[in-house]
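Chain by chain, the residues:
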Amino acid sequence: MKIKNKKELLQTPKGMRDILPHDLLYWKAVETKAEDIARSYGFKPIRTPHVEKAELFGLTLGETSDIVEKQMYAFKTRGGDALVLRPEGTVPMMRAYFEHGMHTWPQPVMLYYSGSFFRHENPQRGRWREFGQFGVEIMGEESGLSDAYIIHVFALILQELGFKKFTVHVNTLGDKECRGEFRKELVAYYRRKVNSICRDCKRRLKENPLRLLDCKNPMCVEVRADAPQMMSYACLSCRAHFKLVLEFLDDFEIPYKIAPHLVRGLDYYSRTVFEIFADADADTKKEKADDASTETGGEKTEPQKEKEKEKENAAPIALAAGGRYDYLAEVMGDRKVPGVGGALGLDRIVDELKERKIVPFKEKAPAVFLVQIGAQAKRKSLVLFEQLRKSRFGVAQSFSRDNLRTQLDLANKLGAAYALIIGQKEALDGTVIVRDMGSGTQESVYQKKVLDHLKKKMKNS
Ligand code: ATP
Ligand code: MG
């Protein structure tokens, strides 16, 4: 790639972006909420490298999966190793399970992780080339309870973040035995429709028919409507498993919907698969009404209209997805480890929160703002700053400023309860002016005593 000019050099690579301070508050709040809930439900944190051996994903995701075929960031190291930026989280978890002999740990092994993943996709709404996922996995447990447990944890996270309405789409993919019959029927159906599906799907029909159902091309979505459904082919034990999952979802009062054509893009899934969507109308309806009322006749601009149209036409995007992967371990190593897991898409959750005007964090106003005028005052002020911080006061300052008015304005804007003002005179006589920002009253206190003075004041207020 040749960089044409300086401007281009100063931009992030396509499909990637900087997360700026204000946005990062959303990210951290989402991650903190997710971690808190995962931890209280018994999951332990784990961190694996951003880079893995290329072959690991070819082996597990399927050579004909979209990810392996065209979405991996692959490179050779100077030593000649073929590596990739990790495109997903479950395979590395299972690799770690084997590498660290986690089968000797108490079962099931329950892990959570959070971090960046990389896929060379077409960037669009909710689709980035570097994106954040928060994932949970339960490894070494076959029961449908664990499938529902994972979904329950995600539902709690979304609820507590402030999503009022969302729907879990669930389906079963059957197991090795019953899926064969279904696959045959699926192929027969799509052969009859071969002229109405996209080019990729024509290829999928030969290589990986299950994935026909995952195509997002509108043409293929239409064909899918009448396609055979796995549920009708599920064997007794797969049916029983699925029934159990749904019963637990009922117990947890999770809003779900059976999505008979839902499949996932990766080879390793079996039995339960799910995706979670925020209901578009529920949380945004009120907001739309608000927007309409504030639009006092002003015509919408072209880009605005276009953006709205894009939103209306776009397929709903999943906030989270996952499923059971009972065959994954066998492909990778020498033992069977049933498992189930899923991941929240952090970029999409942050976008949706902002769209719904849900702020998942509180920006706490500082208790004290330090105002200083002159070089000497700044030095005294810095010492005071550290004393206050150590005593756990929320402190703010603006040491690059010198003007009293500007600094008081800033203190006001931040909502500080008190301003501590040190001017040239105070710097010399060792005092500080304590200004109550609410009432505007001021008193002079010795710098040495100001900490106790503030503590008393805060206690009384
Ligand atoms: P989709 O069907 O939307 O492509 P997926 O099936 O590829 O999703 P998973 O691999 O299961 O997604 O990842 C779980 C979640 O991670 C998704 O539900 C989504 O929220 C998020 N996610 C996946 N790919 C991207 C991406 N390129 N950019 C942003 N978020 C993503
Ligand atoms: Mg995808």
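Residues numbered from 1 in each chain as written. Chains lettered and ligands numbered in written order. Predicted model: local features only at pLDDT ≥ 70, side-chain atom pairs only at ≥ 80, totals over all residues. Heavy atoms only, no water.

*Asks:* Whenever I open this one, the site of ligand 1 confuses me. Can you help?
*Replies:* Ligand 1 sits among 16 residues. The nearest are R119, E121, R127, Q133 and R264. Between ligand 1 and the protein, one listed contact pairs a nitrogen atom with a side-chain N or O atom of E121 at 2.6 Å. Between an oxygen atom of ligand 1 and a main-chain N or O atom of A318, the distance comes to 2.8 Å. Within the complex, the protein chains bury 91% of what would otherwise be the 590 Å² of accessible surface of ligand 1. Secondary structure elements with two or more residues in the shell around ligand 1: β6 (130–139), β10 (320–324) and β11 (339–345). Each residue belonging to the shell around ligand 1 can be placed in one class, and the counts come to seven nonpolar, three polar and six charged. (Near = heavy atom within 4 Å. Polar contact = N/O pair within 3.5 Å; in protein donor to acceptor, adjacent residues only side chain to side chain. Areas by Shrake-Rupley, 256 points an atom, 1.4 Å probe, with all protein chains shown as cover. Helix = DSSP H or I, 4+ residues; strand = E, 2+ residues; numbered from the N terminus. Nonpolar A, V, L, I, M, F, W, Y, C, P; charged D, E, K, R; others polar.)

*Asks:* For this particular structure, what's the right way to read the domain arrangement of the protein chain?
*Replies:* Much of the literature gives interface size as the accessible area that the parts lose upon coming together. Domain annotation for the protein chain reports domain 1 (6–175 + 235–355) and domain 2 (368–460). For domain 1 and domain 2, the distance between their C-alpha centres works out to 47 Å. (Domains from an automatic or database assignment.)

*Asks:* Just to check I follow, could you spell out the pattern of salt bridges for this structure?
*Replies:* Opposite charge on two side chains permits pairing when their charged atoms draw close. Summed over the entire model, instances satisfying the criterion amount to 23 salt bridges. Among the salt bridges present, the one from E275 reaches R264, with a minimum N-O distance of 3.8 Å. Of this pair, E275 sits in strand β9 (residues 270–278) while R264 sits in the loop between β8 (256–258) and β9, and the two are 11 residues apart along the sequence. For E275, a relative accessible area of 16% puts it in the buried group. Among the charged side chains, a network of salt bridges with common partners joins E69, K70, D200, R203 and E207. (Salt bridge = Lys/Arg side-chain N within 4 Å of Asp/Glu carboxyl O. Buried < 20%, exposed > 50% of the residue type's maximum accessible area, 1.4 Å probe, protein only.)

*Asks:* What's the story with the sheet that holds strand β5 (residues 109–118) in this structure? I'm lost.
*Replies:* Backbone-to-backbone hydrogen bonds pair the strands of a sheet. The strands run either parallel or antiparallel. Judged by pairing direction, the sheet is mixed, and its eight strands sit side by side in the order β1-β5-β6-β11-β10-β9-β7-β8 without closing on themselves. The open sheet is flanked by β1 (44–45) and β8, the only strands paired with a single partner. As paired elements, strand β7 (residues 166–172) and β8 share three bridges and run parallel to each other. From the neighbouring strand, V168 faces β8, where its bridge partner is Y256. Here helix α6 (residues 144–161) sits on the sheet and contacts β5, β6, β7, β9, β10 and β11; the angle it forms with β11, its principal contact strand, is near 15°. (Pairing = 2+ DSSP bridges. Contact = heavy atoms within 4.5 Å. Axes fitted to C-alpha atoms, helices over the stretch in contact; angles between N-to-C directions.)

*Asks:* Can you help me understand the packing of aromatic side chains in this one?
*Replies:* What describes a pair of aromatic rings is the distance from one ring centre to the other and the angle between the planes of the rings. Enumeration according to the criterion identifies 13 aromatic pairs in this entry. Ring plane angle 80° and centroid distance 6.3 Å describe the contact between Y97 and F98, whose orientation is recorded as edge-to-face. By relative accessible area, which is 23% here, F98 ends up partly exposed. Feature note: the residues Y41, F43 and Y149 constitute an aromatic cluster, connected by ring pairs. (Phe/Tyr/Trp six-rings, centres within 6.5 Å; stacked < 30°, edge-to-face > 60°.)

*Asks:* How should I be thinking about the sheet that holds strand β2 (residues 51–53) in this particular structure?
*Replies:* Across the sheet, three strands lie side by side as β2-β4-β3; this open sheet has antiparallel pairing. In the strand order of this sheet, the two ends are held by β2 and β3 (74–76), each with one partner. When the angles between neighbouring strand axes are averaged without regard to direction, this sheet yields 35°. Here β2 pairs with strand β4 (residues 82–85) via three bridges, running antiparallel.

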